[in-house]
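Below are the chains, spelled out letter by letter.
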Amino acid sequence: MTAVRTTSANESTNHEQPETFPFDTGWDLHEHVQVRPERFGALLYHYGDRRLSFVKSPELRTALELLAASPTARLALSNAGIPEAAHPAHGRALSTLATTNMIVQRQREDHTP
Amino acid sequence: MTTSTDERHTTPTLIDHFEQGLDAPICMTWELTYSCNLACVHCLSSSGRRDPRELTTEQCKGVIDTLASMGVFYVNIGGGEPTIRSDFWEIVDYAVNNGVGVKFSTNGSNLNAERAKQLAESDYIDVQISLDGATREINDAVRGPGSFDTAITAMENLAEAGFEGFKISVVMTRENVDQLDAFDALAQKYSAQLRITRLRPAGRGADVWDQLHPTANQQRELYDWLVANGERVLTGDSFFHLNAYGEALPGLNLCGAGRVVCLIDPIGDVYACPFTIHDEFLAGNVLDAGGFRAVWQESDLFTSLREPQSGGACESCSAYDSCRGGCMAAKFFTGLPLDGPDPECVKGNAEDLLGNVDSTTTPRPSLDHSRPAAAMTYTPVSITAKPPLAAVAEPRVAPSRSCDESPLAGFARDAHA
Ligand code: SF4
Ligand code: SF4
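Just so it is clear, the structure is predicted and the values come from calculations on it, not from any experiment.

We now examine the overall build of chain A. Per the secondary structure count, chain A includes three helices and six strands. Along its sequence from the N terminus, chain A presents helices and strands in the succession β-β-β-β-β-α-α-α-β. When each of the 113 residues of chain A is scored for burial, the buried share is 45%. Across chain A, every contact between residues at least 6 apart in sequence was considered, and the portion connecting residues at least 24 apart equals 61%.

Taken together, the contact pairs 18 residues of chain A with 29 residues of chain B. Together, the buried faces of chain A and chain B total about 2200 Å²; carbon and sulfur atoms form 58% of this surface. Across the chain A-chain B interface, the total number found is one salt bridge. Across the salt bridge formed by Arg50(A) and Asp126(B), the nearest N and O atoms sit 3.6 Å from each other. Taken together, chain A and chain B are joined by 10 residue pairs in polar contact (both at pLDDT 80 or more). Elements represented by at least two residues in the side of chain A that touches chain B include exactly β3 (33-38), β4 (41-46) and β5 (51-55) of chain A. Partitioned by chemical class, the residues of the side of chain A that touches chain B number eight nonpolar, four polar and six charged.

All names here are of chain B. Among the secondary structure elements, Ala248 is positioned in the loop between α10 (216-229) and β7 (261-264). Distance in space between the C-alpha atoms of Ala248 and Tyr223 is 9.8 Å, their sequence separation being 25 residues. Setting aside its immediate chain neighbours within four residues, Ala248 contacts Asn243, Asn253 and Ser322.

For the rest of this paragraph, the subject is helix α3 (residues 57-70) of chain B. Across its 14 residues, α3(B) extends 20 Å between first and last C-alpha, which sits within 8% of the 20 Å expected from 1.5 Å per residue. All of the buried residues in α3(B) are Cys60(B), Lys61(B), Val63(B), Ile64(B), Leu67(B) and Met70(B). In this structure, the buried residues of α3(B) make contact with β3 of chain A together with β1 (27-31), β2 (74-78), α4 (88-97), β7 and α11 (291-298) of chain B. Count one or two residues on from α3(B) and you reach Gly71(B), which has phi positive near 80 degrees.

A word on the sheet that holds strand β8 (residues 269-271) of chain B. Residues and elements named next belong to chain B. With mixed pairing, the nine strands of this open sheet are ordered in space as β6-β5-β4-β3-β2-β1-β7-β8-β9. At either end of the open sheet lies a strand with only one pairing partner, and these are β6 (193-198) and β9 (282-285). Adjacent strand axes in the sheet meet at a mean angle of 25 degrees, parallel and antiparallel pairs treated alike. Where β7 and β8 come together, two bridges link them in antiparallel fashion. Each residue of the ladder has a partner; that of Leu263, found in β8, is Tyr271. The strands touched by α4 within the sheet are β2, β3 (101-106) and β4 (125-130), with β3 carrying the most contacts at an inclination of about 150 degrees. Those strands touched by α11 are β1, β7, β8 and β9, and its axis lies near 145 degrees from that of β7.

Time to look at the packing of aromatic side chains. Under the defined criterion, the tally for this structure stands at 18 aromatic pairs over all chains. Plain terms: the ring middles of Tyr45(A) and Tyr74(B) are 5.0 Å apart, the flat faces sit at 20 degrees to each other, and that makes the pair stacked. Placement of Tyr45(A) in strand β4 and of Tyr74(B) in strand β2 is noted, with the two residues assigned to different chains. With a centroid separation of 5.5 Å and an interplanar angle of 70 degrees, the aromatic rings of Trp296(B) and Phe302(B) are classed as edge-to-face. Of the two residues examined, Trp296(B) and Phe302(B), each falls in the buried class. The structure contains a cluster of three or more aromatic residues connected by ring pairs, namely Tyr45(A), Tyr47(A), Phe73(B), Tyr74(B) and Tyr124(B). Sitting over the face of the ring of Trp296(B), Arg306(B) holds its NZ or CZ atom 4.5 Å from the ring centroid.

Cut-offs and rules
Residues numbered from 1 in each chain as written. Chains lettered and ligands numbered in written order. Predicted model: local features only at pLDDT ≥ 70, side-chain atom pairs only at ≥ 80, totals over all residues. Heavy atoms only, no water. Helix = DSSP H or I, 4+ residues; strand = E, 2+ residues; numbered from the N terminus. Buried < 20%, exposed > 50% of the residue type's maximum accessible area, 1.4 Å probe, protein only. Contact = heavy atoms within 4.5 Å. Buried area = accessible area lost by both parts, 1.4 Å probe. Salt bridge = Lys/Arg side-chain N within 4 Å of Asp/Glu carboxyl O. Polar contact = N/O pair within 3.5 Å; in protein donor to acceptor, adjacent residues only side chain to side chain. Nonpolar A, V, L, I, M, F, W, Y, C, P; charged D, E, K, R; others polar. Expected span 1.5 Å × (residues − 1). Pairing = 2+ DSSP bridges. Axes fitted to C-alpha atoms, helices over the stretch in contact; angles between N-to-C directions. Phe/Tyr/Trp six-rings, centres within 6.5 Å; stacked < 30°, edge-to-face > 60°. Lys NZ or Arg CZ within 6 Å of the ring centre and 35° of its normal.

Listed below in structure tokens is the structure:
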């Protein structure tokens, strides 16, 4: 099997860790990433490094599908029906996806507040 | 689907979802031909001769259309030697152009410098070169004379073309476990990645399994090596029966047959796993009404494999959670009950059972495409001064047409990708 990573919005993480995911910038799926819906959420496959990731929530899958059309990651989460209170947990999941290059920060220079 | 697994856990784990099956396979192998220029003694698909019922180019494209519509990320193409098919590159291109990535296994016969350059240009194609010895002597005893040099030339071509991270795929045997570091060095030399998989008694592998499967001590060595080096090395999730030694190796650690893994054979038959080419594990055919999608999602066999399985005698074992009783195919083809220990159970719990198996009733593969003229018998390298196969060497011939009865190619590749 290909190397596998799991991304879950509710996995226990180090609570000392500060919230660092930049919610208020634009994000896209990496151009080499394909998302496949599954009952538990989604499978993501990156054709560049041939790695598989799991997204363990259907809401997060919806947010990923909305990323490209959303000016910011925060809006994608909200439009996927994820309440503000749950954003930090999803931020950790997004950070994992960013570290593994499944999602990438949008390159557009946009200095509007 | 409602299963007792759903009832056991309020929040099913990922493994639970996998056990219940996914809407599409994660790791599917598609053997495009039984035709092969080699005659490896352990070939899991007993390849050699082309099957006249082999899927046509158009039928193959139809399969790819289905895979694409199901969201299958990539297929592991093998054989036989898949590059023997004259439409091989056409099929690969068609898959890639339809969003289905390809990883293909080859013995290297058709990987010249020019082809290597083309392959290096695509992110959607991965290549796996089969090699079963880090030295010519050890490799050629299993894969046949000339096969080591062919593989090395292909690796040189890929490295030269800048194809980083192609796979060197090794089936672990009694003769090559002590070459692990040498394989690793080869991988580094060619900027490749080492992939090691388990020898299973499938296909012709059943005939040599007694002689070639690693000894108990070697299993321990292999486990320790994987604990130390596992991060860099792919295993196709092959060795989860070794988890019973202690710390679990990276991977999903479950038998994925019919749940996340399956095989499409050259005539379109769909089996639960590449190592289970037997009527008992035949779920349907891609040419049946409903095609591959219906076989994957609705066949009786796959439905039953996705139901909770009994661990039988293993359930009382302290290692059951991580070992899961090992490999279904290994049990089946050694004549052991499927709900009991793996024949290579590291706690020794299969030894008595294996002793009681009546070898005349052990299941045999349902299909055999071996070329009688090319048959090799395996003689352990350790007890002969030189490779024993020279006497049965066949001249290597270039593949001319895909319908040649005894053309080029072959090897063992694995199942889980
Ligand atoms: S039968 Fe063996 S090789 Fe096949 S999926 Fe199960 S564990 Fe893997
Ligand atoms: S008894 Fe079964 S679960 Fe225990 S180590 Fe052996 S094969 Fe694995």
